[in-house]
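# Architecture at a glance
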Amino acid sequence: MHTPRTGLLALTLALCAAGTQAGDIEKAVDYRQGLMNVYVYNVTAMGNMVKGKTPFDPTAFARHAKDLATAARLDLLAGFPEDSINDESDADDKIWLDWDKFQQKNQALRKESARLAEIAKGGDETAMKTQFKKTAKTCKGCHDNFKH
Ligand code: HEC
């Protein structure tokens, strides 16, 4: 006798849970893409100087390096709750199958960008360019494995 009611309740709860989840996934995707956009803004500005597309300005470079390192210290992993993929996302589900490796890739960015910010304070152009390339490689290092 109770079965139909219970069934309906279970269905309602399931739908509510699914609704919340879609909202949560959207927030997570927005958050991590937002962080990525902060990264790329700074990387592009520095990259343009490294490639000679814009004049090399050590002060501006140092500011971008500092902002990148600061952004990289934020909790990127909080933007990747388990299986949080939707139509807007280019994330690969390997992220949750190989979470340790994903974390290591994030650590690599943190380490190299912190070093870049440190080196940039010194104003040595050659050293800055070399460390910039190392830092940019950590972006690719993660994308090649975990982004479509
Ligand atoms: C630890 C892994 C990891 C690192 C490190 C990383 N990314 Fe990403 N990036 C991703 C993933 C995963 C996505 C796809 C996110 C999504 O669409 O859900 C992404 C997406 C992006 C996007 C697209 C954002 C959008 O609005 O769709 C840009 C731009 C980007 N990354 C730039 C960078 C730059 C620049 C760096 C280095 C400074 C970097 N990323 C470092 C994993 C990483």
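Right above here is the structure, for reference.
Residues numbered from 1 in each chain as written. Predicted model: local features only at pLDDT ≥ 70, side-chain atom pairs only at ≥ 80, totals over all residues. Heavy atoms only, no water.

### Focus: the pattern of salt bridges
We count it as follows: For salt bridges, the criterion is a side-chain nitrogen of Lys or Arg within 4 Å of an Asp or Glu carboxyl oxygen. Labels follow the DSSP assignment, with helices taken as runs of H or I lasting at least four residues and strands as runs of E lasting at least two, numbered in each case from the N terminus. Note on classification: 1.4 Å probe, protein chains only; a residue is buried when its accessible area is under 20% of the maximum for its type, exposed when over 50%, partly exposed between these limits.
Within this structure, the stated rule accounts for four salt bridges. For Glu 125, the salt bridge identified is with Lys 129, shortest N-O distance 3.0 Å. Residue Glu 125 and its partner Lys 129 are both found in helix α5 (residues 125–146); the two are separated by four residues, about one turn of the helix. Using a relative accessible area of 22% as the deciding quantity, one classes Lys 129 as partly exposed. Salt-bridge contacts for Asp 144 lead to Lys 140; the nearest nitrogen and oxygen are separated by 2.9 Å. Pair noted here: Asp 144 and Lys 140 are both in helix α5, with a separation of four residues, about one helical turn. Comparing Asp 144 with Lys 140, the two get one shared label, exposed.

### With respect to the site of the ligand
Put simply, the test is: Only heavy atoms are used to decide nearness, and a residue is near a molecule or strand if one of them lies within 4 Å of it. Throughout this description, a polar contact denotes any pair of N or O atoms lying within 3.5 Å of each other; where both atoms belong to protein, one of them has to be capable of donating a hydrogen while the other can accept it, and for residues adjacent in sequence the pair is counted only when both atoms sit in side chains.
Around the ligand, a shell composed of 23 residues is seen, among which Met 36, Ser 89, Cys 139, Cys 142 and His 143 lie nearest. Contact between the ligand and Gln 33: an oxygen atom at 2.8 Å from a side-chain N or O atom of the residue. Taking Asn 37, its side chain carries an N or O atom lying 3.2 Å from an oxygen atom of the ligand. For the shell around the ligand, the secondary-structure elements that each account for two or more residues are α1 (3–50), α4 (99–122) and α5.

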